[in-house]
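Below are the chains, spelled out letter by letter.
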Amino acid sequence: MILCFFFVKLPTCLQIILTLIIFGITPFLQSYIGYAAELPDVDTLEKFKQVSGQEILRHFFVDGWFPFFPWVAFAFSGVILSKFRWQFTQEEKPFGNSKAFLLGLGILLVGAVTWYFFPGALYVRDGYSEMFYPAMIGYMITSIGVILTLFALVDLSASFIGYRLLLPFGEAALFMYILHLVFIAHIIPEAWEKSPFVPYLGLYIALCIICLLCGLGLRW
């Protein structure tokens, strides 16, 4: 957020170049410096002392849970897209047209094909099978394509009343993250971890409803 505060003051052209450089350099850093499948557990001071400064820097910049490369570029991308999106009036809707939709869809397809042929290691870390361990160039392109496509779809169908149900999730995103983390870490595994799919799906829907009601309560 601090970097974005200064980033937003740069000329748009320089913003785009800097963001592309960060995205582009990420795979080379992963290859040259290395990307660890597992991260050290530093939940005690003694364990922390065993981790070298060089390792800490590598985890921070290249192979940590959410390293500087490429994740700061996603934040910068948000600055660029929001800057472009809101410099127009609501009637102009820069993303609410077929050209924006086709552009987003095209980037999405290019990213998906690239990602399919170069998926990366796809490590599972501490039980988390995320698609970005490590974040490969295909994943990055696909993500931007998904965002642009969704922007276009939402702007093209802005009057859809169903979007109002999603607002509380976005308005209290950090609260939602903490709330659902409490559920999946301390409540759900105790009784429903080995449930069949259908009951588990019902539990998922119930959790979404609880989060929605909490979001509405926070808004009130």
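Provided above is the structure to which this section pertains.
Before going into details, it helps to say that this report is about the structure given with it. Values in this document were obtained by computation on a predicted structure and should not be read as measured data.

Cut-off values and rules
Residues numbered from 1 in each chain as written. Predicted model: local features only at pLDDT ≥ 70, side-chain atom pairs only at ≥ 80, totals over all residues. Heavy atoms only, no water. 1 Å grid on protein atoms, 1.4 Å probe; cavity = no way out; pocket = protein on both sides within 12 Å on 5 of 7 lines; lining within 4 Å. Points joined across faces, edges and corners; volume = space filled by probe spheres on them. Helix = DSSP H or I, 4+ residues; strand = E, 2+ residues; numbered from the N terminus. Nonpolar A, V, L, I, M, F, W, Y, C, P; charged D, E, K, R; others polar.

1. Examining the layout of surface pockets
Each pocket or cavity is described by its volume, and for the largest pocket that value is around 460 Å³. Considering the residues around the largest pocket, the lining is formed by 20 residues, among which Leu20, Ser77, Leu81, Ile144 and Leu148 are closest to the centre. Looking at the lining of the largest pocket, the elements that each hand over two or more residues are helix H2 (12–33), helix H5 (68–85), helix H6 (98–117) and helix H7 (137–156). Considering each element in turn, the lining of the largest pocket owes the most residues, six residues, to H2. Its residues assigned to classes, the lining of the largest pocket comprises 16 nonpolar, four polar and no charged. Of the voids in this model, the second largest pocket is the one considered here, and its volume is about 320 Å³. Lining the second largest pocket, in full, are Tyr139, Ser143, Val146, Ile147 and Leu150.

2. Looking at empty space enclosed by the protein
Here the structure, examined in full by the defined rule, presents one cavity of 30 Å³ or more. Reported here for the largest cavity is a volume of approximately 30 Å³. Forming the walls of the largest cavity are Gln30, Tyr35, Val62, Trp65, Pro67, Phe69, Pro70, Trp71, Phe132, Pro134 and Ala135. Of the residues forming the lining of the largest cavity, the biggest block, three residues, is contributed by H5. Here the lining of the largest cavity is built from residues that sort into ten nonpolar, one polar and no charged.

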